[in-house]
Amino acid sequence: MDQAQTVDWAALEAAAVAAMKNAYAPYSKFPVGAAALTRDGRIVSGCNVENASYGLTLCAECVLVGNLQMTGGGLLRAFYCVDGAGNILMPCGRCRQLLYEFRAPDMQVRTTQGIKTMDQVLPDAFGPEHLKETR
């Protein structure tokens with residue numbers, strides 16, 4: 001069975017929208033919610049948390065990965081992100097790198113142009129495998 005058919009994208013969208021409603025975005029007024037399906041079937045989510053010192057703002061994806069680690073860890077199979085109106089958002093470059101670190105093989109991302117693999121979203125990525133000690 002094709003993995004795209006086994007992902008409940010409506011459930012991920014609903015979880016991302018629910019997370020977005022918890023966002024703390026008093027400065028940008030741009031709430032973001034993200035949700036992901038783990039390899040073991042859990043849905044983890046996160047929202048953006050801003051700070052008056054803008055550089056310390058946490059993206060929704062950062063909170064999601066923290067939630068992933070706090071709830072047992074694992075790898076992400078599918079990812080969905082929304083803005084305050086529920087429109088699909090693409091992760092920023094930093095967050096693409098973070099999601100890449102915690103991806104399952106063939107992780108899928110719901111994009112504005114359909115479902116893509118993480119490797120399509122972040123081609124030629126630098127990851128943990130590049131940090132192996134060389135002698």
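First, a word on what this report is: a plain description of the structure on this page.

Cut-offs applied
Residues numbered from 1 in each chain as written. Predicted model: local features only at pLDDT ≥ 70, side-chain atom pairs only at ≥ 80, totals over all residues. Heavy atoms only, no water. 1 Å grid on protein atoms, 1.4 Å probe; cavity = no way out; pocket = protein on both sides within 12 Å on 5 of 7 lines; lining within 4 Å. Points joined across faces, edges and corners; volume = space filled by probe spheres on them. Nonpolar A, V, L, I, M, F, W, Y, C, P; charged D, E, K, R; others polar. Pairing = 2+ DSSP bridges. Helix = DSSP H or I, 4+ residues; strand = E, 2+ residues; numbered from the N terminus. Axes fitted to C-alpha atoms, helices over the stretch in contact; angles between N-to-C directions. Contact = heavy atoms within 4.5 Å. Buried < 20%, exposed > 50% of the residue type's maximum accessible area, 1.4 Å probe, protein only. Arc of directions from axis to C-beta. Core = buried A, V, L, I, M, F, W, Y, C linked by side-chain atoms within 4.5 Å.

### Focus: the layout of surface pockets
Okay, step 1: Computed from the structure, the largest pocket encloses a volume of approximately 180 Å³.
Okay, step 2: In terms of lining, the largest pocket is formed by 16 residues, of which the most central are Phe30, Val32, Asn48, Cys59 and Glu61.
Okay, step 3: By residue class, the composition of the lining of the largest pocket is 11 nonpolar, 3 polar and 2 charged.

### Some remarks on the pairing of strand S2 (residues 43–47)
Okay, step 1: With 5 bridges connecting them, strand S1 (residues 33–38) and S2 associate as antiparallel partners. Counterpart to Ala36 in the pairing with S2 is Val44.
Okay, step 2: If you look at the hairpin formed by S1 and S2, you'll find 4 residues sitting between the two strands, and Gly41 has a positive phi there, around 95 degrees.

### Considerations on the sheet that holds S1
Okay, step 1: In spatial order, the strands read S2-S1-S3-S4-S5; together these 5 strands make up an open sheet with mixed pairing. The open sheet terminates on both sides in strands that have one partner only, identified here as S2 and strand S5 (114–117). Going from strand to strand, the sheet's axes swing by 20 degrees on average, the running direction of each strand aside.
Okay, step 2: As paired strands, strand S4 (residues 103–111) and S5 are joined by 4 bridges and run antiparallel to one another. Along S5, the bridge assignment pairs Gln108 with Thr117.
Okay, step 3: Packed on one face of the sheet, helix H2 (residues 9–20) meets S1, S2, strand S3 (76–82), S4 and S5 and runs near 50 degrees to S3.
Okay, step 4: Along the sheet face, helix H4 (residues 93–101) touches S3 and S4 and points at about 145 degrees away from the line of S4.

### Digging into H4
The periodicity of an α-helix, 3.6 residues per turn, causes residues three or four places apart in sequence to face the same way.
Okay, step 1: Along H4, the residues that are buried comprise Cys95, Leu99 and Tyr100. When H4 is viewed along its axis, its buried side chains cluster within an angular range of 145 degrees and face the same direction.
Okay, step 2: Among the structural elements, helix H3 (60–70), S3, S4 and helix H5 (118–121) are those in contact with the buried residues of H4.

### A few points about the nonpolar core
Okay, step 1: The biggest cluster of nonpolar side chains holds 21 residues, and the ones touching the most others in it are Leu64, Leu76, Phe79, Met107 and Met118.
Okay, step 2: For this core, the elements supplying multiple residues, two or more each, are S1, H3, S3, H4, S4 and H5.
Okay, step 3: Setting aside chain neighbours within four positions, we find Leu76 in contact with Ala36, Leu37, Thr38, Val44, Leu64, Leu68, Leu99, Phe102, Arg103, Ala104 and Met107.

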